[in-house]
Amino acid sequence: QVQLVESGGGLVQAGGSLRLSCVASGRTFSTVVMAWFRQAPGKEREFVSGITYSGSASHYAAFTEGRFTISRDNAKNTAYLQMNSLKPEDTAVYYCAARDSRAVLTTVSDYNYWGRGTQVTVSS
């Protein structure tokens, strides 16, 4: 079992930045793929970014457009999502997810473990 707790969300003006954190506990963090998803009101949950267990490879949704950076620190059991140049359309609840494999996949059903989410609101 893996427990995930997100933090770092908040209210920011368009063009601003936020750094989300996801702390994992319960098992060896370095053996799981970590990812971020988001869900806006009335929309389905969507993939944002994922990173392999070694941190050597990452994958991003097209809408991140080079504005977001995912990283992880296995010594701290923590994954991060640095979000720059935020837009109002980035407003959503952001979820941390983990899966027991070495491949970064992009669908909700591929992930075994989920955090409760952190709200990100970008004002125009």
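Scroll up to find the structure this text is about.
Cut-off values and rules
- Residues numbered from 1 in each chain as written.
- Predicted model: local features only at pLDDT ≥ 70, side-chain atom pairs only at ≥ 80, totals over all residues.
- Heavy atoms only, no water.
- Phe/Tyr/Trp six-rings, centres within 6.5 Å; stacked < 30°, edge-to-face > 60°.
- Helix = DSSP H or I, 4+ residues; strand = E, 2+ residues; numbered from the N terminus.
- Buried < 20%, exposed > 50% of the residue type's maximum accessible area, 1.4 Å probe, protein only.
- Disulfide = S-S within 2.5 Å.
- Pairing = 2+ DSSP bridges.
- Axes fitted to C-alpha atoms, helices over the stretch in contact; angles between N-to-C directions.
- Salt bridge = Lys/Arg side-chain N within 4 Å of Asp/Glu carboxyl O.
- Contact = heavy atoms within 4.5 Å.

Draft legend 1. Structural detail: the packing of aromatic side chains. Under the criterion given, the structure shown has four aromatic pairs. A ring pair is formed by Phe 37 and Phe 47, whose centres lie 5.6 Å apart and whose planes are at 80°; its orientation type is edge-to-face. Note that Phe 37 is positioned in strand E4 (residues 33-39) and Phe 47 in strand E5 (residues 46-51), a separation of 10 residues in sequence. Considered together, Phe 37 and Phe 47 belong to a single accessibility category, that of buried residues.

Draft legend 2. Representation of the state of the cysteines in the model. Overall, the coordinates contain one disulfide when judged by the stated rule. Here Cys 22 pairs with Cys 96 through a disulfide, and the sulfurs are 2.1 Å apart. Because the sign of the S-S torsion sets the handedness, a value of about -80° for the bond joining Cys 22 and Cys 96 places this disulfide among the left-handed ones. Placement of Cys 22 in strand E3 (residues 18-25) and of Cys 96 in strand E9 (residues 92-99) is noted, with a sequence separation of 74 residues between them. In terms of burial, Cys 22 and Cys 96 fall into one category: buried.

Draft legend 3. Local environment of the sheet that holds strand E7 (residues 68-73). With antiparallel pairing, four strands are arranged side by side in an open sheet as E1-E3-E8-E7. The sheet is open, and its two borders are formed by strand E1 (3-7) and E7, each paired with just one other strand. Neighbour-to-neighbour, the strand axes of this sheet turn through a mean angle of 15°, independent of strand direction.

Draft legend 4. Quick look at the pattern of salt bridges. Enumeration according to the criterion identifies five salt bridges in this entry. Salt-bridge contacts for Arg 38 lead to Glu 46; the nearest nitrogen and oxygen are separated by 2.8 Å. Each of Arg 38, Glu 46, Glu 65, Arg 67, Lys 87 and Asp 90 takes part in one network of salt bridges that share partners.

Draft legend 5. Spatial organisation of the environment of Asp 90. Position of Asp 90 among the secondary structure elements: in the loop between strand E8 (78-83) and E9. Placed 35 residues apart in sequence, Asp 90 and Gly 55 show a C-alpha to C-alpha distance of 24 Å. For Asp 90, the residues in contact, after removing those within four places along its chain, are Arg 38, Arg 67, Phe 68, Ser 85, Val 120 and Val 122.

Draft legend 6. The arrangement of unusual backbone geometry in detail. Its identity is not glycine, yet Glu 65 carries a phi of approximately 50°, on the positive side. For Glu 65, a relative accessible area of 53% gives the class exposed. In the Ramachandran plot, Asn 77 falls in the positive-phi region, its phi being about 55° despite a non-glycine side chain. By relative accessible area, Asn 77 is classed as partly exposed at 25%.

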